[in-house]
Amino acid sequence: METEPLLGRRRSSWQKLGTDESRKSDSSGPRSSSSRNNSSSSGSSQLDDLYIQQAAVFIEDAIKYRTINHRVDSRSLRLYRWYYSAACQWVLNTAILVILAMAFFEKPSSLSVTSDLRFRQVLWEPPCGLTEGIEAICLLLFIVDVVIKSYLLGWGEFQKSKWLIAYTLVLAASTVDWIVSLSLLCEERIRVRRILRPFFLIQNSSLMKKAFNCLRQTIPQITSVMLLLALHLLLFTMIAMLLFTRVQTNEDDKEWKTYFRNLSESLTSLLVLLTTANNPDVMIPAYSRRRAYSLFFIAFSLIGTYLLMNLLTAIIYNQFRGYLLSSIQTSIVRRCLGIRGAFEVLCCERSNKTGRSGSLRVTVSTNTVLQVLQKVKMSSAHKQEIIKQAKAFTHDCVTAEQFRDLFDELHKETVKEYPPKPAYRSLFLQKLQTVFSHRFVEYVGNLMVAVHLVCIFVALVHDAETPISQRDGFFSGVVNGSFVLYYLLEMALKIFALGIKGYCSYKSNLFDGLLTIILMILQLSSLVQYGLPRRGWNPELHGLLSLWETVRLANMLIVFRFLRIIPNIKLMALVATSLFDLIKNLRAFAGILVVAYYVFAIVGVVLFKDKIPPPQNSTNASLTSSISPANLTLQCGTYEQLGYWPNNFNDFAVSYHSLRATLIRE
């Protein structure tokens, strides 16, 4: 929690700031008493506004868990609030997204229909200077960002912030590399700035910075376990090379030939076995000779896979749990310090009015608190509740404890209030409104969606092996058209019962309504292009989509629309809510994973681009050179035989996909 010396230093600095501001009016020489009174009153008013502005900024810092160690003069506070405004942060986030997405368009471009080496044709390569110009704009925005941050924090805090120093160095390296790229007319192979780009994403997210720091602190413990794994792998490799040696007969040499021929193959075989990817293939040749050989593989898996690997997972989990707890505590301390700092500023404001600079009162006027709350940017629900509680105080003063308790509302989740239903004068319309507002309308709607899915399933099973030229679209056209009419009727009745604002206030209704409108557009386009459904309905292609493509797209949207049943089933809703909460809580770690993929994908393009030659006459010459020309049968398990042509490192997108496929491959 905050300490008294810290608050004492803050208080004295704020008093000094107020004294300096008040002295400015006396520095211009002798004046008349009336002018002095007017200037002193205007100076006092400006000083009061400054205190209120400082308190509002400190409360906003507390809401966002930001530090209050920044400049607090009037001009800096205006710049600070502008910098953390929604528009400014949106521009900064957009610049980060754009500079990260540049990897898909820069040479080598990922703009091709397929990544298969046999069919890959790049649709468009950007000319030199286009992507570099966009990148220059992003770098200029980042330079402005680091300059503003450095100014607001001050030189002392800048020297303490490793992230800001690293931010400055990364920007300098990126700018130099950008200049080199233009001087070489964009023909350089290695672009260092592409590898550094993910840093912009990390430094702009406090959660990702915490996750990155946690990973950095976990490295010593992980290193010790990795050394144990390396020792375990090396010892069992030596034992395997001693066990599975070359013998006289070729039949008994299968284990040696396939997996343990030399040191590199032995290490690779056991390393893969550590991930269980080649289990039990690696032990079958030896196990077919003697059962006792299985003990070697069992011991290796027990020690390596089930003990050391789980120990590694436990260490990472324990470190993350401890670091997460400490980061949460730090965030709570920041919030408490920001709220207390706002109270201390308002105490200075009140002492300035009473003229007592030596002894500060420990209460703040309720009107002053209300003025501050009106300036604070926060959610409207929280602001209304806090203002309501502040107005409920019986006395015209707020103590530190009461001021702190006001902001306990920030820890509470807001309950969404839905707009009132429209009021109809007609008794008949009121009854209809009551009927269509009942829950059974949702149940009937869910039942109709289920029936529609059954019809689609029947049509899919019936047409599974029927050629497109012989299909009859009469059943699908009638069924989809009928159900789309029902969906439109259901949407209209809900709007009638709830009103347009009430209908749009429910996310499930927005989801249903959007899909219903898209389905209606598809049905209308189908009717305009191909006419009404009839027996033997299988017209030729007109326009962008054929009849079957339109039906297939509509069926996919209907399948998605079936997700509306999730909120109506309690257990499914609970599981779905837990999954969404899990995704929200794992955003930082998912961001770190994306950054790691990004960096390795860029490095993969630099190292392995065009290393796999395209096939010649459907046969890769480099892979089949050892095969007899009379026998063009591809060797089992090779890159060509498995058809892995789409997996390569020729551009950023396919490199990213290849790394993902490598990670999740069993």
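To start, this report covers the structure provided alongside it. (Residues numbered from 1 in each chain as written. Predicted model: local features only at pLDDT ≥ 70, side-chain atom pairs only at ≥ 80, totals over all residues. Heavy atoms only, no water.)

**Some points on the nonpolar core**
- Core analysis: the largest hydrophobic core is formed by 33 residues, its most contacted members being Ile59, Val372, Phe403 and Phe407.
- Contributions of two or more residues to this core are made by α2 (33-63), α13 (294-354), α14 (366-375), α15 (380-391) and α16 (400-406).
- Among the elements that make up this core, the one with the highest residue count is α2 (8 residues). (Core = buried A, V, L, I, M, F, W, Y, C linked by side-chain atoms within 4.5 Å. Buried < 20%, exposed > 50% of the residue type's maximum accessible area, 1.4 Å probe, protein only. Helix = DSSP H or I, 4+ residues; strand = E, 2+ residues; numbered from the N terminus.)

**A look at a nonpolar patch on the surface**
- Residues Val98, Phe104, Phe105, Val113, Leu123, Trp124, Leu130 and Ile134 make up a contiguous nonpolar surface patch of roughly 740 Å² in combined accessible area.
- The class of Leu123 is exposed, set by a relative accessible area of 63%. (Patch = residues over 30% accessible without salt bridge, like charges linked within 9 Å, V, L, I, M, F, W, Y side chains within 5 Å. Areas by Shrake-Rupley, 256 points an atom, 1.4 Å probe, with all protein chains shown as cover. Salt bridge = Lys/Arg side-chain N within 4 Å of Asp/Glu carboxyl O.)

**With respect to the pattern of salt bridges**
- On inspection of all chains with the given rule, the structure shows 20 salt bridges.
- Linking Asp61 and Arg66 is a salt bridge whose minimum nitrogen-to-oxygen distance equals 3.1 Å. Here the two residues Asp61 and Arg66 agree in accessibility, since each one is buried.
- Between Arg561 and Glu490 there is a salt bridge, and its shortest N-O distance comes to 3.4 Å. With a gap of 71 residues between them, Arg561 in helix α21 (residues 547-561) and Glu490 in helix α19 (residues 474-504) connect regions that are remote in the sequence.
- Judged by its relative accessible area of 2%, Arg561 falls in the buried class.
- A residue is classified by how much of its surface remains accessible, and Glu490, at 5% relative accessible area, is buried.

**Overview of the state of the cysteines**
- Scanning the model with the defined rule gives 1 disulfide in all.
- Each sulfur in the disulfide pair Cys128 and Cys186 lies 2.0 Å from the other. Measuring the twist about the S-S bond at about 65 degrees, one finds the Cys128-Cys186 disulfide to be right-handed. With Cys128 in the loop between α4 (86-101) and α5 (130-160) and Cys186 in the loop between α6 (162-183) and α7 (192-196), the pair connects residues that are 58 residues apart, well separated along the chain.
- Classification of Cys128 as partly exposed rests on a relative accessible area of 41%.
- Judged by relative accessible area, which is 7%, Cys186 ranks as buried. (Disulfide = S-S within 2.5 Å.)

**Let's talk about unusual backbone geometry**
- Here Lys107 and Pro108 are connected by a cis peptide whose omega angle stands at -5 degrees.
- Position of Pro108 relative to the elements: it lies in the loop between α4 and α5.
- Phi is positive for Leu185, close to 60 degrees, though the residue is something other than glycine.
- The topology assignment puts Leu185 in the loop between α6 and α7.
- Given the relative accessible area of 60%, Leu185 is considered exposed.

**A word on the packing of aromatic side chains**
- Under the criterion given, the structure shown has 25 aromatic pairs.
- The interplanar angle of 25 degrees and the centroid separation of 5.5 Å between the aromatic rings of Trp155 and Phe158 together place this pair among those described as stacked. Of this pair, Trp155 and Phe158 are both found in helix α5, 3 residues apart, which corresponds to roughly one turn of the helix.
- Its relative accessible area of 58% is what places Trp155 among the exposed residues.
- Accessibility expressed as a relative area gives 13% for Phe158, which makes it buried.
- Taking the centre distance of 5.1 Å and the plane angle of 85 degrees together, the rings of Phe296 and Phe297 count as edge-to-face.
- Assessed through its relative accessible area of 3%, Phe297 is described here as buried.
- Put simply, the rings of Phe236, Phe244, Phe260, Tyr293, Phe296, Phe297 and Phe300 pair up and form one aromatic cluster.
- The ring centre of Tyr84 lies 4.0 Å from the NZ or CZ of Arg66, which sits over that ring.
- Sitting over the ring of Tyr487, Arg561 keeps its end group 3.9 Å from the ring centre. (Phe/Tyr/Trp six-rings, centres within 6.5 Å; stacked < 30°, edge-to-face > 60°. Lys NZ or Arg CZ within 6 Å of the ring centre and 35° of its normal.)

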